[in-house]
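# Structural overview
Letter by letter, the chains look like this.
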Amino acid sequence: MDFVDKLIKPFTPVTLERGKENRVGVIGRSYLFGEDSMIKSITSRGKELLSSPIRLVGIEDDQEIKWNINDCKVFSHSQEKAVIVGSMQSECFIINTSYRIEYDGYFDFDIKVMPRGGTVAEDFGLEVAKKREYILSRLW
């Protein structure tokens, strides 16, 4: 038997506002995703629940990691759910994120942290390879 997503009454469809930042709405709540794929705002019945935007902070070689390449996209959207995916990149690390927000309020979040590999130009000897030894002392 195949499982089929189906909107069940009295729930309402998941809403989506696309742009540089994406906003997903579900049963009186709203989630605003920033360009870095982190949640900037969560409101419930018009009231802000976060004291500040969520951010990912890391310390590598005693320096705060600077996330200099960010991306956030809508992977899929239907009446039943929205899936938002994104990434953040520094000189040393890549963070991949995935959020699934369903019509009944279920919220699933997945984050993957990985070291950056060599670029195509580095692998073909067209550029000098960057340091590839990482000391990630903290990530929160």
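Overview of the structure. Nothing here was measured: the structure is a model prediction, and the numbers come from that model.

## A closer look at the packing of aromatic side chains
Considering all chains together, one arrives at five aromatic pairs under this definition. Each ring, one from F11 and one from Y103, has its centre 5.4 Å from the other, and the planes form 75°; the classification is edge-to-face. Placement of the pair is F11 in the segment before strand 1 (15-17) and Y103 in the loop between strand 10 (93-102) and strand 11 (107-115), with a sequence separation of 92 residues. Note on Y99 and F107: the rings are 6.0 Å apart at their centroids and 65° apart in plane angle, and the pair reads as edge-to-face. Relative accessible area serves as the criterion here: at 2%, Y99 is assigned to the buried category.

## Notes on the sheet that holds strand 2 (residues 22-26)
Across the sheet, five strands lie side by side as 1-2-3-4-5; this open sheet has antiparallel pairing. Looking at strand neighbours, the two that pair on one side only are strand 1 and strand 5 (47-48), the edges of this open sheet.

## A word on the environment of A82
With respect to the helices and strands, the residue A82 is situated in strand 9 (residues 81-89). Residue classification places A82 among the buried positions, given a relative accessible area of 0%. Taking the C-alpha atoms as reference, A82 lies 28 Å from G58; in sequence the two are 24 residues apart. What A82 contacts, discounting residues up to four positions off in sequence, is V14, V24, S76, H77, Y99, R100 and I101.

Thresholds applied
Residues numbered from 1 in each chain as written. Predicted model: local features only at pLDDT ≥ 70, side-chain atom pairs only at ≥ 80, totals over all residues. Heavy atoms only, no water. Phe/Tyr/Trp six-rings, centres within 6.5 Å; stacked < 30°, edge-to-face > 60°. Helix = DSSP H or I, 4+ residues; strand = E, 2+ residues; numbered from the N terminus. Buried < 20%, exposed > 50% of the residue type's maximum accessible area, 1.4 Å probe, protein only. Pairing = 2+ DSSP bridges. Contact = heavy atoms within 4.5 Å.

Worth remembering: the numbers are spatial, not functional.
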